[in-house]
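Okay, here's what each chain looks like letter by letter:
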Amino acid sequence: VGLGLGLQKIVSSYVSGFVILLERSLAIGDIVSIDKYFGQVTQINTRYTVVRGLDGVETVVPNEMLLSGTVQNYSLSDKTLRLRTCIAVSYKTDIDQVLRLLEEAAAGVLRVLADPAPQAFLIKFEPDGFELELGFWISDPENGRLGVISEVNRASGKMWQKQQIEVQYPQREVRIIDIPDNGGA
């Protein structure tokens, strides 16, 4: 029984591999997210597919998982990818000015695309200030996402310092009410 179940999995992976190769829904070089794995497809075999994470770790994924589960392909028909970062500023801030400056800061980063242009939005009102989102597009997701997000955040930080924009931070006031008198002790 164990041998039969093991062979069933192997045959399932081989059949899945042939389907993937015939459909061409996945190609070497595609940036994919499979289950908890994210990276670039480096090998497609009849039994398994190799996904190389942006940290260099390679994961061997049985082809059966590719057909039975959800696969996000970031580069199937178009390699452009939208990234975002969230920013919080004080309620004292001129919101229109900050949104414009954030878009300009992102536009100045080398990997950020000019078309579609970066866009900044007021997302919600937090207890301590405005929450903003800065969205921007890149065309080279294979070079990683964190580096470009970091560059956009650094450019935004420099803009904050230059324009003296107040960053939102939690402010709490503690009040002590009805302190019992210890008899002067």
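Our subject is the structure that appears above.
Reading the values: the criteria
- Residues numbered from 1 in each chain as written.
- Predicted model: local features only at pLDDT ≥ 70, side-chain atom pairs only at ≥ 80, totals over all residues.
- Heavy atoms only, no water.
- Helix = DSSP H or I, 4+ residues; strand = E, 2+ residues; numbered from the N terminus.
- Buried < 20%, exposed > 50% of the residue type's maximum accessible area, 1.4 Å probe, protein only.
- Areas by Shrake-Rupley, 256 points an atom, 1.4 Å probe, with all protein chains shown as cover.
- Pairing = 2+ DSSP bridges.
- Axes fitted to C-alpha atoms, helices over the stretch in contact; angles between N-to-C directions.
- Phe/Tyr/Trp six-rings, centres within 6.5 Å; stacked < 30°, edge-to-face > 60°.
- Lys NZ or Arg CZ within 6 Å of the ring centre and 35° of its normal.

1. Describing the overall build of the protein
Line of reasoning, step 1. A tally of helices and strands in the protein yields four helices and eight strands.
Line of reasoning, step 2. Reading the helices (α) and strands (β) of the protein from amino to carboxyl end gives α-β-β-β-β-α-β-β-α-β-β-α.
Line of reasoning, step 3. For the protein, the residues scored as buried account for 34% of the 185 residues in total.
Line of reasoning, step 4. Counting only carbon and sulfur atoms, one obtains 53% of the accessible surface of the protein, whose full area is about 12,000 Å².

2. Let's talk about the sheet that holds strand S2 (residues 37–44)
Line of reasoning, step 1. Taken together, five strands build an open sheet; the order of strands is S4-S3-S2-S1-S5 and the sheet is antiparallel. Each end of this open sheet is capped by a strand with a single partner; those strands are strand S4 (58–62) and strand S5 (71–73). This sheet shows a mean twist of 40 degrees between the axes of neighbouring strands, independent of strand direction.
Line of reasoning, step 2. Where strand S1 (residues 31–34) and S5 come together, three bridges link them in antiparallel fashion. What sits directly across from Ser33, in S5, is Gln72.

3. A closer look at the sheet that holds strand S8 (residues 129–138)
Line of reasoning, step 1. Pairing in this open sheet of three strands is antiparallel, and the strands run S6-S8-S7 from one edge to the other. Each edge of the sheet is formed by a strand with only one pairing partner; in this case those strands are strand S6 (81–89) and strand S7 (119–126). Strand-to-strand twist in this sheet, taken as the mean axis angle between neighbours without regard to direction, amounts to 25 degrees.
Line of reasoning, step 2. Bridge count for S7 against S8 is seven bridges, and the pairing is antiparallel. Residue pairing for S8: Glu126 is matched across the bridge by Gly129.

4. Some details on the packing of aromatic side chains
Line of reasoning, step 1. For the structure shown, the criterion picks out three aromatic pairs.
Line of reasoning, step 2. Ring geometry for Tyr91 against Phe130: centres 4.8 Å apart, planes inclined by 75 degrees, an arrangement best described as edge-to-face. Here Phe130 lies in strand S8 and Tyr91 lies in the loop between S6 and helix H3 (95–107), a separation of 39 residues in the sequence.
Line of reasoning, step 3. Residue Tyr91 is classed as partly exposed on the basis of its relative accessible area of 38%.
Line of reasoning, step 4. The rings of Tyr91, Phe125 and Phe130 are connected pair by pair, giving a single aromatic cluster.
Line of reasoning, step 5. The positively charged end of Arg145 is found above the aromatic ring belonging to Phe38, 4.0 Å away from the centroid.

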